[in-house]
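Structural characterization, general
What follows is the residue order along each chain.
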Amino acid sequence: QVRLVESGGGLVQAGGSLRLSCAASGRTFSSYAMAWFRQAPGKEREFVASINWSGGGTNYADSVKGRFTISRDNANNTVYLQMNSLKPEDTAVYYCAARSGRIAYRTTREYDYWGQGTQVTVSS
């Protein structure tokens, strides 16, 4: 069982930056692949970024590539999402997700555990 708690969301102007954190419980964090998804009002939850168990493999949605960076600290059971050059269309609730496996995927059905989400609002 893994419990995920996101933090770091908030209100920021377009062009600004935020850093999201996801703290995971459990002693086997390093064996989980991790990802960030987001969901805007009236839209389906969509993939943002993922990272495999070692941090050596990352993947990004085209809409955030070059602006967002996912990373993880296995010693501290935390995964991060650094978001730069934010745009109003990045406004959403951001969710951290974990799957029991070393390889990360881009689809929600692959993930076993989810956080409660953190709101990110980008004003124009």
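Look up: the structure comes first, before these words.
What this report covers is the structure whose coordinates are included nearby. Throughout, a residue's number is its position along its own chain's written sequence, starting from 1. Restriction of local features to residues with pLDDT of at least 70 applies here, the model being predicted, together with a cutoff of 80 or more for giving and counting side-chain atom pairs; totals for whole chains, interfaces and linings are based on all residues. Excluding hydrogens and water, the side-chain figures rest on all heavy atoms present in the structure.

1. Structural notes on the pairing of strand S5 (residues 46–51)
Counting buried positions along S5 yields five of six residues, so the element is predominantly enclosed. In short, DSSP must find at least two bridges between two strands for them to pair. To qualify as a helix, a DSSP run of H or I must reach at least 4 residues; to qualify as a strand, a run of E must reach at least 2; elements of each kind are numbered from the N terminus. The sheet contact formed by strand S4 (residues 32–39) and S5 spans five bridges and is antiparallel. Within the sheet, the bridge partner assigned to Ala-35 lies in S5 and is Ser-50. The hairpin turn running from S4 into S5, its antiparallel successor, is six residues long, and Gly-42 in that turn takes a positive phi close to 80°. Note: S5 against strand S6 (residues 58–60), three bridges, orientation antiparallel. Residue pairing for S6: Ser-50 is matched across the bridge by Asn-59. A simple rule labels every residue: compare its accessible area, found with a 1.4 Å probe on the protein chains alone, to the largest value its type can have, and call it buried under 20%, exposed over 50%, or partly exposed in between.

2. Examining the environment of Pro-88
By secondary structure assignment, the location of Pro-88 is in the loop between strand S8 (78–83) and strand S9 (92–100). With relative accessibility at 35%, the residue Pro-88 sits in the partly exposed group. Sequence separation of Pro-88 and Val-120 is 32 residues, and the distance between their C-alpha atoms is 9.7 Å. Non-local contacts of Pro-88, meaning those with residues more than four positions away in its chain, are made with Ala-14, Val-122 and Ser-124. In this analysis, two residues are considered to be in contact whenever any of their non-hydrogen atoms come within 4.5 Å of each other.

3. Details of the pattern of salt bridges
When a carboxyl oxygen of Asp or Glu is within 4 Å of a side-chain nitrogen of Lys or Arg, the pair counts as a salt bridge. Per the counting criterion, the structure on display carries five salt bridges. Across the pair Glu-46 and Arg-38 runs a salt bridge whose closest N-O atoms are separated by 2.6 Å. A salt bridge links Arg-38 to Asp-90; the shortest N-O distance between them is 2.9 Å. Note that Arg-38 is positioned in strand S4 and Asp-90 in the loop between S8 and S9, a separation of 52 residues in sequence. A single network of salt bridges, built from pairs that share partners, joins Arg-38, Glu-46, Arg-67 and Asp-90.

4. Considerations on the packing of aromatic side chains
Side-chain rings of Phe, Tyr and Trp (the six-membered ring for Trp) are treated as a pair once their centres are within 6.5 Å; stacked means planes under 30 degrees apart, edge-to-face means over 60, and tilted covers the remaining angles. Applying the stated criterion to the full structure yields five aromatic pairs. Ring plane angle 65° and centroid distance 6.1 Å describe the contact between Tyr-32 and Tyr-113, whose orientation is recorded as edge-to-face. In this pair, Tyr-32 is assigned in strand S4 and Tyr-113 in strand S10 (residues 113–114), connecting sequence segments 81 residues apart. By the burial criterion, Tyr-32 is buried, and Tyr-113 matches it. Consider the rings of Tyr-111 and Trp-114, whose centres lie 6.4 Å apart with planes at 70°: the pair is edge-to-face. In this structure, Arg-72 packs its charged tip against the face of Phe-29, placed 4.5 Å from the ring centre. Lysine NZ or arginine CZ positioned within 6 Å of the ring centre and within 35 degrees of the ring normal marks a charge as sitting over the ring. The residue whose ring lies beneath Arg-102 is Trp-53, and the NZ or CZ to ring-centre distance is 4.1 Å.

5. Brief notes about unusual backbone geometry
One non-glycine residue, Asn-77, lies in the positive phi region at around 50°. Judged by relative accessible area, Asn-77 falls into the buried class, the value being 17%. Of note in the backbone geometry, Ser-85 takes a positive phi value of approximately 50° without being a glycine. As for its placement among the helices and strands, Ser-85 is situated in the loop between S8 and S9.

In short, geometric facts, not functional conclusions.
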